Each structure stands twice: as structure tokens, then as C-alpha cells.
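# An overview of the molecular structure
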Amino acid sequence: MTIVNFTPGPALAGGILIGLASVWLLLAHGRIAGISGIFSGLLLPKAGDTTWRWAFVLGLIAAGFVDQAVFGSAALPGSGLSIGWIVLAGLLVGFGTRMGAGCTSGHGVCGLGRLSVRSLVAVLLFLGTGMVTTFVMRHVIGGAA
């Protein structure tokens, strides 16, 4: 297996920035930087609790455009899936984050940083499921995952 486009410098810088941002959000606002929780707070808003959530989500979106403008990073190739499959996948991810009481960013970045056993179990399940899915897609079904 060949690693394509391995960029440890930008990956390390991105990881440090994500860590610093999640620590800042926790210390400054007492909030966990879990994307599913932040986004669900926009779908079921509470008075006075949406401004920072919108700023966070819009910042995520803007970061991609800034990266493209500053570094000229190429867009990832399309998956070749129809919009119906993509919508179904998004709904399943949303269902999974509700069922797991959080997403990879909430459990993986913030929960592990707080030494949460529940987050450790969740992250191990996320990783294990991803490995099994990749194995099945590549070696059982024969597709590219």
C-alpha cells in the first residue's frame, strides 16, 4: 500500500490548531468542540446560544475557501456516488452521532483530552468500525474505500 500525498508538516500544524481551538472553546466558553453537538444546537436553538455556533460552523466552511485561496490546495476527487447515496450517508452519520452521544471530534479531540473513558470507548468503536468497513469494501465487495 502506497501513501499518497503524505504531508506531515501541514497535518501537524492542523492538529495543533484544532487542539488549541478546542481548548480555547472549553476554557473561554465551557463548550465542547464537537461538531455534531454544535450543529444540533443550530437545529434546535436556545436563546442566546447560537451566535458562537454560527461562527464556528461558518469558520469551518470558510477555512476550506481560505486554504484554496492561500495554498491553492486541490479539491478532493468526487466519490462517484449519486446525491441520493450522499444524503443517505449524511443521515446515517447524523443518526450515529446521536446514538453515540457525539462525533469523532467531540469524543476524539475533546473527550480523550479530558480523559473520558466513554470517549475512549467511542473512539475505539469509531476506528474499529472504519477498519472493518474499509476491509469489507476493499477485499470482500471489491470497491475502493
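Each remark here, short or long, concerns the structure printed above.
Cut-offs and rules
Residues numbered from 1 in each chain as written. Predicted model: local features only at pLDDT ≥ 70, side-chain atom pairs only at ≥ 80, totals over all residues. Heavy atoms only, no water. Salt bridge = Lys/Arg side-chain N within 4 Å of Asp/Glu carboxyl O. Buried < 20%, exposed > 50% of the residue type's maximum accessible area, 1.4 Å probe, protein only. Helix = DSSP H or I, 4+ residues; strand = E, 2+ residues; numbered from the N terminus. Contact = heavy atoms within 4.5 Å.

### A few points about the pattern of salt bridges
- Overall, the coordinates contain two salt bridges when judged by the stated rule.
- One salt bridge connects Asp 49 with Arg 53, and the closest N-O pair in it is separated by 2.8 Å.
- On the basis of relative accessible area, Asp 49 is assigned to the buried category, the value being 10%.
- Its relative accessible area of 9% is what places Arg 53 among the buried residues.
- In the salt-bridge network here, residues are joined through shared partners; they are Arg 31, Asp 49 and Arg 53.

### Details of helix H2 (residues 35-43)
- Among the residues of H2, those classed as buried are Ile 38, Ser 40, Gly 41 and Leu 42.
- Here the buried face of H2 lies against helix H1 (8-29), helix H3 (51-71) and helix H4 (83-99).

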